[in-house]
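Each chain, written out:
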Amino acid sequence: MNFYHILKSAHSGWRYLVLILLVLAIVTAIAGWLGKKPYTEGNRKLNVFTLIFVHIQILFGLILYFVSPLVEAGIRYWKMEHIAMMIFAAILVTVGNARSKRADDPSAKHRTIALYFGLGLIVIIASIIQMTMADPSRSFFGVS
């Protein structure tokens, strides 16, 4: 196995951790927002870990972007769409985390996380679905 295949497997496998953390953070934020619960240190840590895992995934993706034969071949989805959507999703998660820190009201903190992380998750899922449509040999749940 060469560096490209190892990194590709890491990027494909890491997505599950990102998706699980995003869903967990969103569900926790919605429960806190609608249940008028306090914003705890545990909420903050979950959001920061989610942010870190998203950023690590982006780092894997950016390295892959520069070494991938798919990008070098000029395949439009890999060269433009996937990277743009994923960077946009990471920006949404980053902005959501930053804006939640500035909010004073616990309900506003939860609402901000639910909104921005939720939008980021939607963009990520849309990109993964688009990937399966661009390359039928890949699946949403399969490590590719």
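Since we're looking at a predicted model, the values are computed, not measured.

(A) How the structure looks around the overall build of the chain. When you go through the chain residue by residue, the secondary structure sums to 5 helices and 0 strands. Traced from its N-terminal end to its C-terminal end, the chain shows the element sequence α-α-α-α-α. Over its C-alpha atoms, taken along the principal directions, the chain stretches across nearly 50 × 25 × 25 Å. Per-residue burial over the chain gives 42% buried out of 144 residues. Restricting to contacts in the chain with at least 6 residues of sequence separation, those with at least 24 account for 75%. A total of about 8000 Å² of accessible surface is found on the chain, and carbon and sulfur atoms cover 72% of it.

(B) Structural context of helix α1 (residues 3-34). In a regular helix each residue adds 1.5 Å, so 32 residues correspond to 46 Å; α1 covers 46 Å between its end C-alpha atoms and thus fits that length. In the segment just after α1, K36 is the residue with positive phi, at about 50°.

(C) Looking closely at a nonpolar patch on the surface. Taken together, the side chains of F3, L59, L62, I63, F66, V67, I87, I91 and V95 define a hydrophobic patch exposed on the protein surface, amounting to about 770 Å² of accessible area. Elements that contribute at least two residues to the nonpolar patch include exactly α2 (41-67) and α4 (76-102). Ranked by the residues each element gives to the nonpolar patch, the list is headed by α2, at 5 residues. Note on placement: V95 falls in helix α4.

(D) Here's a closer look at the confidence of the model for the chain. Looking at the chain as a whole, its pLDDT mean stands at 91, while 97% of the residues score no less than 70. Considering each helix and strand of the chain separately, the mean pLDDT is smallest for helix α3 (residues 69-72), with a value of 78, and largest for α2, with 95.

(E) Layout of the packing of aromatic side chains. Applying the stated rule across the entire model yields 4 aromatic pairs. For the ring pair W14 and F60, a centre distance of 5.9 Å and an interplane angle of 85° mean the geometry is edge-to-face. One end of the pair, W14, is in helix α1; the other, F60, is in helix α2, with 46 residues separating them in the sequence. Relative to W78, the ring of Y77 has its centre 4.8 Å away and its plane inclined at 75°; by these criteria the two rings are edge-to-face. Its end group placed over the ring of Y39, K109 keeps NZ or CZ at 5.2 Å from the ring centre.

(F) Just unusual backbone geometry, in detail. The residue K36 is not glycine, and still its phi comes out positive at about 50°. The topology assignment puts K36 in the loop between α1 and α2. The class for K36 is exposed, based on a relative accessible area of 67%.

(G) Here's a closer look at the pattern of salt bridges. Going through the model one piece at a time under the given rule, you end up with 2 salt bridges. Residue R44 pairs with E41 through a salt bridge whose shortest N-O separation is 2.5 Å. Of this pair, R44 and E41 both sit in helix α2, 3 residues apart, which is roughly one turn of the helix. Between R76 and E81 there is a salt bridge, and its shortest N-O distance comes to 2.2 Å.

Parameters at a glance
Residues numbered from 1 in each chain as written. Predicted model: local features only at pLDDT ≥ 70, side-chain atom pairs only at ≥ 80, totals over all residues. Heavy atoms only, no water. Helix = DSSP H or I, 4+ residues; strand = E, 2+ residues; numbered from the N terminus. Buried < 20%, exposed > 50% of the residue type's maximum accessible area, 1.4 Å probe, protein only. Contact = heavy atoms within 4.5 Å. Areas by Shrake-Rupley, 256 points an atom, 1.4 Å probe, with all protein chains shown as cover. Expected span 1.5 Å × (residues − 1). Patch = residues over 30% accessible without salt bridge, like charges linked within 9 Å, V, L, I, M, F, W, Y side chains within 5 Å. Salt bridge = Lys/Arg side-chain N within 4 Å of Asp/Glu carboxyl O. pLDDT = per-residue confidence, 0-100. Phe/Tyr/Trp six-rings, centres within 6.5 Å; stacked < 30°, edge-to-face > 60°. Lys NZ or Arg CZ within 6 Å of the ring centre and 35° of its normal.

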